Amino acid sequence: MAEDKKVEKKKAPVTKLDKAKKEVDPKDLTICSATEQMLRKARRDGVETAYDRAADMKACPIGADSACCKHCSMGPCRLNAKDPYSKVGICGATIDTIQARNFGRMVAAGGAAHTDHGMSMLDLFREVVKGDIKEYKIKDTVKLEQVAQSIGIETEDRSVGEIAKDLYQELERTYTQVEGEIPFAKRVPEKTLETWRKQGIVPRGAMREIMELMHRSHMGVDQDYKNITKQLSRTALSDGWGGSMVATEISDILFGTPTPVQADVNMGCLKEDMVNIIVHGHEPNLFETMLVSVNDPAMVEAAKEVGAKGINLCGMCCSGAEMLSRHGIPHAGNFMSTEAVLVTGAVDAMAVDVQCIKQALAPVAKCYGSYLFTTNPRCRIEGAQHIEFVEDEPRKCTDEVVVKAIARYKNRNAQVEIPNIRNAGIHGFSHEYIEYMLGGTFRGSYWPLNDNIINGRIRGVAGVVGCTNPRVKQDWVHVELVKELIKNDVLVLQTGCSQIALAKAGLLTPDAAYMAGSGLQEVCETVGMPPVLGLGSCVDNSRILIAASAVVKAGGLGESIADLPVAGAAPEWMSEKAISIGQYFVASGVYTIFGVTFPLTEQTKFKEYLFQGLEDENLGKWDFAVDPYEMAQKMIAHIDKKRSQLGIDKARERVLMSMDDRRTMEE
Ligand code: NFS
Ligand code: SF4
C-alpha cells in the first residue's frame, strides 16, 4: 500500500513543453521545411516533441560506448571506455565480451522485429491458401511462381493453390527449422554461401538462431567475442535472407510486386477540407484494408455528410513507404516527422501497428484532439484506443477507424495548419523491375547494369537506407550523402525513412539526373530512370540482397557479393533493426557505414574485428562517420578498391577521358 501511494504522488510524465528546458532553433533540427514549420507551431502550442527531449537528455556516455553490462545482478558493471582493458566485470567479462554480447542482443531484437513481421505475413498467406481467410487473395501469381522456382519448387503444370501450399511449407522452415539451411540460402551466390558454410554461419531457422544468440549472450556462456560474432552474423542472416525476405516476397505475392509509380511525399499531402487518416507502422495488411475502407462509397458519403470533400489516406514510415511503392499512396513523412504531423491539427486519425511508434504520439495526439489507434496485439500504448485488427474480419477495424475519423472531422476544433509542401517522385523499383528496365522487355537481365559498371559509366552501387534520428539534423546527412554519391557516378538504391528524405529533396525523379556525374547521367537519360531508386520499406532491403545476387550471377564482377563495387549506409540510424540490417549486409559481404554514433568502444579487439577482421575473413566490414562528405568518400574509396581488385579501374579512367574528349570536341 505504501508503495502505491508513493507511485501516485509521482509527477505525471511531461506532455507539455517545459519552458525552462533548452530550446534549439527548429531550423537547426531538420532540413524538412514542413517539420520545421510544425516544430515552430508545437513551440507556440506548448507541445513537446522528441527534438526537445533529445536536447534535454544527454546520451549516457557509458551506454553509448557499450561499456556496460546488465546481464546479471552481480552488476550492472561499468567499464572504462577511456581505458578499456583496465577493468573487467564482476564475473570477469572483458570489454570485448561485453560489447559483443550487447551488439548481439541488438541484432537479436532487430532481427526478431523483422522476422516476426515476416511471420505475420506468412501466417496470413497460410490462411489465404487454406481458404480460411477470404478478404485477401494471391494477387501476383507470376511472383508466386518465381519465388517458388527460386527455391526449387516445381511449378510446371501445377495450380496456383498447389504451388502456394508447397511454398508455404518451404518458407515456414525459415522460422522453425532446427537443422539445415534456410530456403533462401539457395539464392545466395555460391562463393558467398561457401564462405558462410566454412564459418558455420548459414542460418538454420530464425527462431533457433535468435534463441541461441540470447542464450549465448546470457551471463556466463559465450565469452569469446569472435565466437559470439559468428552467432550474431548467423542471426542477422536469418533476418536478411530469412524473415525480411519472406516479408517482402509474401507481401508482393499477396498485394502485388511494385512497379514505378509517381506519387507525392510530404505533409502537404494532408487536406484541410478532407477527413485525414494516417497509417504508420510496418505491416502492409492493415494499410491494404484501410485503402478498401476509405474507398467504400458508403464511407465517402458519410464523410461528405459531415461537410468533408472526401477521405484522404496517407502513409508514414515503412508501411507508408511500402504503400507508396506499391500503389502510389501519398506519404506524409519519415520517422522524425510522426509527432510533427499531428501538430498540423489536421490528422483526424492515426492508426498504427508495430515498430518505430513513439509512445509520445499518444500525448501529442491528445493535445490536438486527434485519434491515435493501436491495432496490433503486440503494440498497445497507454493513452491510445485499441481497435484490434483481425485478418479474417479486417474491415471491422479499419471501418471503425474511418467512422471515428469522420466524427473527429465533424468536431475538429484544433487550429489547423498544413505546410503547403508536396514533392513528386517516382517510387516502386522492385529488383524485378530494375532487371526489366535495364534489360528490356523480352530478355530482362542485369547484364546491362554490370556492363555499365564494368565500362565505368556507373562507378558502383550504394544502398542508402535507414532511420532519421533527433541527435542529428533530420534528413540532412541522407541528402548530402546521396548527392555526393550520385555526383561521383554511384547509383543509389534506397528504402525506408531514407527514401522519404530524398523524395522530399526531389531526387527521386528522372530530372534529378542532372545532379549526377556524367557517366551515371548518361545511363539515367538513356533508360529514363532517376539516379536514386526507391525500393520500399526496410524489410525491402532484401530486394537489394537479391539484386546483388543477380549482379554476381550476371557475371563479370567477381564471384561473391564481397567482390562487388558496392557499399551500404544508414547515416541517421536509430533502431536495433538497423543494426541487424547492417550486420546482415556485412555478413553478406558488403562494406557498411553508419552515422550518428556507433555502439562500441574505440581501441578494442571487438571493434577491430567488426571494422577489419570480418573483411579479412571474406565478409564485408563495418565503418563509421558522422559527416556525410567523409561518409561518401569512404564509400567511394571502398568501391574504387573493389574496382581495382576486379581490374576494371582502367575502364573507368577511359570513360572519364572519353567524356572529356567529347567535351573538348564540342568546344
Ligand atoms: Ni526502418 Fe521502418 Fe524508419 Fe528506421 Fe523505423 S520506420 S523499419 S527502423 S525509423 S527506417
Ligand atoms: Fe557484470 Fe558479468 Fe553480470 Fe555482466 S554478466 S553484469 S559483467 S557480473
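Right above here is the structure, for reference.
Cut-off values and rules
Residues numbered from 1 in each chain as written. Chains lettered and ligands numbered in written order. Predicted model: local features only at pLDDT ≥ 70, side-chain atom pairs only at ≥ 80, totals over all residues. Heavy atoms only, no water. Near = heavy atom within 4 Å. Nonpolar A, V, L, I, M, F, W, Y, C, P; charged D, E, K, R; others polar. Domains from an automatic or database assignment. Helix = DSSP H or I, 4+ residues; strand = E, 2+ residues; numbered from the N terminus. Contact = heavy atoms within 4.5 Å. 1 Å grid on protein atoms, 1.4 Å probe; cavity = no way out; pocket = protein on both sides within 12 Å on 5 of 7 lines; lining within 4 Å. Points joined across faces, edges and corners; volume = space filled by probe spheres on them.

A.B. asks: For this particular structure, what's the right way to read the site of ligand 1?
C.D. replies: Inspection of the region around ligand 1 gives H282, C317, C318, F335, C356, G466, C467, C497, C538, M574, S575 and K577 as its neighbouring residues. When grouped by side-chain class, the residues that make up the shell around ligand 1 number eight nonpolar, three polar and one charged. Structurally, the shell around ligand 1 is a two-domain feature, drawing no fewer than three residues from each of domain 2 (261-410) and domain 3 (430-646).

A.B. asks: Whenever I open this one, the environment of P84 confuses me. Can you help?
C.D. replies: Topologically, P84 is positioned in the loop between β2 (77-78) and α5 (95-130). Residues P84 and I95 lie 11 residues apart in sequence; the distance between their C-alpha atoms is 6.3 Å. Contacts of P84, omitting those with residues within four sequence positions, involve L79, I95, T601, E602, Q603 and T604.

A.B. asks: Could you clarify how one ought to interpret the layout of surface pockets in this entry?
C.D. replies: Reported here for the largest pocket is a volume of approximately 980 Å³. Going through the elements one at a time, α3 (50-56), α4 (61-64), β1 (68-69) and α5 are the ones with two or more residues in the lining of the largest pocket. Its residues assigned to classes, the lining of the largest pocket comprises 18 nonpolar, six polar and six charged.

A.B. asks: Explanation requested: unusual backbone geometry in the structure shown.
C.D. replies: Looking along the chain, the bond that leaves G75 and enters P76 is cis, with omega of -5°. Following the sequence through the fold, P76 ends up in the loop between β1 and β2. Even without being a glycine, N266 presents a positive backbone phi close to 120°. The phi angle at V596 is positive, at roughly 65°, despite the residue not being glycine. When you line up the elements, V596 lands in the loop between β14 (591-594) and α24 (605-616).

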